[in-house]
Amino acid sequence: MMDVKEIRKYLPHRYPFLLVDRVVALEPGESITAIKNVTVNEPFFNGHFPDHPVMPGVLIVEAMAQAAGVLGFKTMNKGPEDGSIYYFVGADNLRFKRPVVPGDQLKLEAKVISERRGIWKFDVRASVEGDTVSSATILCADRKV
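Not measured: the values here are computed from a predicted model. (Residues numbered from 1 in each chain as written. Predicted model: local features only at pLDDT ≥ 70, side-chain atom pairs only at ≥ 80, totals over all residues. Heavy atoms only, no water.)

Asks: Can you break down the pairing of strand β6 (residues 131–144) residue by residue, with the values?
Replies: With 10 bridges connecting them, strand β3 (residues 84–96) and β6 associate as antiparallel partners. When the sheet's bridge partners are listed, Ala91 is paired in β6 with Ile138. In sequence, strand β5 (residues 119–128) turns back onto β6 through a hairpin of two residues, with Glu129 there showing a positive phi of about 50°. (Pairing = 2+ DSSP bridges. Helix = DSSP H or I, 4+ residues; strand = E, 2+ residues; numbered from the N terminus.)

Structural data, given as structure tokens:
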């Protein structure tokens, strides 16, 4: 388990762009399960869409990438303080199944597929109450700052 205080040690993101609230399971080198609580107070709901609030798909992808980033950093036993940053560099087979709305708890899952020369490939999935919201294969690059 990791709370937001510990998560901030591994992700350089801060409000309003830190999209991982808690890590509930983590096996370095293998997988992570994290949580994003979606509230009506999220700043993006002011414009997306005021009368029918829906979490933007790109932020769902970003949340999945952030969970994968925590997994990568924990696996390498380093973080931004060590002069390393994880860039989201690509997505394949990206799919959206249903909207995410205020009150949803987004479950973020990532599994390591491979790592070569600092390029990590993850199988990622976001779900709400067991229903898949989005899935993809994403690439992240570990680079020096």
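Asks: Break down the packing of aromatic side chains for me, with residues and values.
Replies: Applying the stated criterion to the full structure yields four aromatic pairs. Relative to Trp120, the ring of Tyr86 lies with its centre 6.4 Å away and its plane at 55°, an arrangement referred to as tilted. You can see Tyr86 sitting in strand β3 and its partner Trp120 sitting in strand β5, a full 34 residues away along the chain. Judged by relative accessible area, Tyr86 falls into the buried class, the value being 12%. We classify Trp120 as buried; its relative accessible area is 6%. Taken together, the ring pairs connect Phe73, Tyr86, Trp120 and Phe122 into an aromatic cluster. (Phe/Tyr/Trp six-rings, centres within 6.5 Å; stacked < 30°, edge-to-face > 60°. Buried < 20%, exposed > 50% of the residue type's maximum accessible area, 1.4 Å probe, protein only.)

Asks: Give a detailed account of helix α2 (residues 57–76), specifying residues and quantitative values.
Replies: Between its terminal C-alpha atoms α2 stretches 29 Å, which fits the 28 Å expected from 20 residues at 1.5 Å a residue. α2 sits mainly inside the fold: 15 of its 20 residues count as buried. With its phi angle positive at about 55°, Asn77 sits one or two positions after the end of α2. (Expected span 1.5 Å × (residues − 1).)

Asks: Which residues make up the sheet that holds strand β4 (residues 105–116), and what values go with them?
Replies: Taking strand neighbours across the sheet as the criterion, the six strands line up as β1-β2-β4-β5-β6-β3 in an open arrangement whose pairing is antiparallel. If you trace the sheet from one side to the other, it starts and ends with β1 (22–27) and β3, each paired once. Neighbour-to-neighbour, the strand axes of this sheet turn through a mean angle of 20°, independent of strand direction. For β1 and strand β2 (residues 31–37), the ladder comprises five bridges, and the chain directions are antiparallel. (Axes fitted to C-alpha atoms, helices over the stretch in contact; angles between N-to-C directions.)

Asks: Requested: an account of the nonpolar core, with residues and values cited.
Replies: If you look at the biggest cluster of nonpolar residues, it comprises 39 residues, and the most contacted ones within it are Met55, Leu106, Leu108 and Phe122. Only α1 (4–10), β2, α2, β4, β5 and β6 provide two or more residues apiece to this core. At 11 residues, the largest contribution of residues to this core is made by α2. Every residue in contact with Met55, bar those within four places of it in the chain, is listed here: Val38, Phe44, Phe45, His48, Ile60, Val100 and Leu106. (Core = buried A, V, L, I, M, F, W, Y, C linked by side-chain atoms within 4.5 Å. Contact = heavy atoms within 4.5 Å.)

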